[in-house]
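The chain contents come next:
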Amino acid sequence: MTSGIFEVLLRLRDSSPFDAVHAPRLHCTPERHVLWEEERFPRGVRETLLGHGFTVEALEPYSVKMGGLQLAVRQHGES
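The structure presented is a predicted model; accordingly, all values stated were derived computationally and were not measured. (Residues numbered from 1 in each chain as written. Predicted model: local features only at pLDDT ≥ 70, side-chain atom pairs only at ≥ 80, totals over all residues. Heavy atoms only, no water.)

Engineer: Honestly, a nonpolar patch on the surface in this entry has me stumped. Any pointers?
Structural biologist: A contiguous nonpolar surface patch, about 260 Å² in accessible area, is contributed by Ile 5, Leu 9 and Leu 12. With respect to the element layout, Leu 12 can be found in the loop between helix 1 (2–11) and helix 2 (17–22). (Patch = residues over 30% accessible without salt bridge, like charges linked within 9 Å, V, L, I, M, F, W, Y side chains within 5 Å. Areas by Shrake-Rupley, 256 points an atom, 1.4 Å probe, with all protein chains shown as cover. Salt bridge = Lys/Arg side-chain N within 4 Å of Asp/Glu carboxyl O. Helix = DSSP H or I, 4+ residues; strand = E, 2+ residues; numbered from the N terminus.)

So, in structure tokens, the structure goes:
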């Protein structure tokens, strides 16, 4: 999902590339439906989302439905 790429790019401002890719992700539709890796978020987030009128669909951690983002690293001096 493009939202996963966007989340990683935003996190790169304050995180290492590995931390940015490893961080939990969520995706929200214009219809206020949230897909998220519930087990990877702090407790209470679900209630907050529901309280703001969102519907939520929990996915398993590291679900491929969240974009399956990967990271490739090139070591300094390698081609």
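Still more ground to cover, so stick around.
Engineer: What should I look at first to understand the nonpolar core in this one?
Structural biologist: Within the largest apolar cluster, 6 residues are counted, these being Val 34, Trp 36, Phe 41, Leu 49, Phe 54 and Val 56. If sequence neighbours within four positions are ignored, Phe 41 has contacts with Pro 24, Arg 25, Leu 26 and Trp 36. (Core = buried A, V, L, I, M, F, W, Y, C linked by side-chain atoms within 4.5 Å. Buried < 20%, exposed > 50% of the residue type's maximum accessible area, 1.4 Å probe, protein only. Contact = heavy atoms within 4.5 Å.)

Engineer: Mind showing me how you'd approach the sheet that holds strand 1 (residues 26–28) here?
Structural biologist: Within a sheet, adjacent strands bond to each other through the backbone by hydrogen bonds, running parallel or antiparallel. Taken in spatial order, the 3 strands line up as 1-2-3 in an open sheet, and their pairing is mixed. What marks the edges here is a single partner per strand, and that holds for strand 1 and strand 3 (55–58). Recorded for the sheet is a direction-independent mean angle of 20 degrees between the axes of neighbouring strands. Bridge count between strand 2 (residues 33–36) and strand 3: 4 bridges; the pairing is parallel. Looking at the pairing, Val 34 lines up with Val 56 of strand 3. (Pairing = 2+ DSSP bridges. Axes fitted to C-alpha atoms, helices over the stretch in contact; angles between N-to-C directions.)

Engineer: Even after reading the chapter, I still don't get the pattern of salt bridges, so can you show me in this structure?
Structural biologist: Two side chains bearing opposite charge may form a pair once their charged atoms approach each other closely. Counted according to the given criterion, the structure contains 3 salt bridges. In this structure, Glu 37 engages Arg 40 in a salt bridge whose closest nitrogen and oxygen atoms are separated by 2.9 Å. Residue classification places Arg 40 among the buried residues on the basis of a relative accessible area of 18%. Notably, a salt bridge pairs Arg 46 with Glu 38, separated by 3.7 Å at the nearest N-O pair.

Engineer: Sorry, what's going on with the pairing of strand 2 here?
Structural biologist: Note on strand geometry: in a regular strand, side chains alternate between the two faces of the sheet. The sheet contact formed by strand 1 and strand 2 spans 3 bridges and is antiparallel. Looking at the pairing, His 27 lines up with Leu 35 of strand 2. Connecting strand 1 to the next strand, strand 2, in antiparallel fashion are 4 residues, including Arg 32 with a positive phi near 70 degrees.

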